[in-house]
Amino acid sequence: MKFRPLHDRVLVRRVQEEEKTKGGIIIPDSAKEKPQEGEVVAVGTGTRGDDGALIALDVKAGDRILFGKWSGTEVTVEGEELLIMKESDILGVVEG
């Protein structure tokens, strides 16, 4: 991928949502909500502190994250729909 977010921004790929519930009910496209979980594709360099020092981001490429329902801006990069959001829009990292 030839895209690098700037400063404290993160490029995220949404995780594909399940087509069926655990009980076996198939969810139609019209009833699906966009998932609020994703994988970090690329991260910016970080922000500058008051003293001018670079503060690195807490997330890195490959991390699985949770984010708010209305977080980020949808963009298309090389034909793939992705999200660009600030690190502060990320609610947490899914581990394990």
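Above this text sits the structure in question.
These figures come from a predicted structure and were not determined experimentally. (Residues numbered from 1 in each chain as written. Predicted model: local features only at pLDDT ≥ 70, side-chain atom pairs only at ≥ 80, totals over all residues. Heavy atoms only, no water.)

Undergrad: Explanation requested: the nonpolar core in the structure shown.
TA: For soluble globular proteins, the rule of thumb is that nonpolar side chains tend to be buried together. Residues Val 10, Val 12, Val 40, Leu 57, Val 59, Ile 65, Phe 67, Leu 83, Met 85 and Ile 90 constitute the largest nonpolar core, which totals 10 residues. Listing elements by their share of this core, those giving two or more residues are strand 1 (9–14), strand 5 (64–67) and strand 7 (80–86). Not counting the four nearest positions on each side in its chain, Leu 83 is found in contact with Val 10, Leu 11, Val 12, Arg 14, Phe 67, Ser 71, Gly 72, Thr 73 and Glu 74. (Core = buried A, V, L, I, M, F, W, Y, C linked by side-chain atoms within 4.5 Å. Buried < 20%, exposed > 50% of the residue type's maximum accessible area, 1.4 Å probe, protein only. Helix = DSSP H or I, 4+ residues; strand = E, 2+ residues; numbered from the N terminus. Contact = heavy atoms within 4.5 Å.)

Undergrad: Quick question: what am I supposed to make of the environment of Gly 44 here?
TA: Mapped onto the secondary structure, Gly 44 falls in the loop between strand 2 (37–43) and strand 3 (47–48). We classify Gly 44 as buried; its relative accessible area is 10%. On a C-alpha basis, the gap between Gly 44 and Leu 57 in space is 7.7 Å, while along the polypeptide they are 13 residues apart. Ignoring any residue separated from it by four or fewer positions in sequence, one finds Gly 44 in contact with Pro 5, Leu 6, His 7, Arg 9 and Leu 57.

Keep in mind these numbers describe shape, not what the thing actually does.
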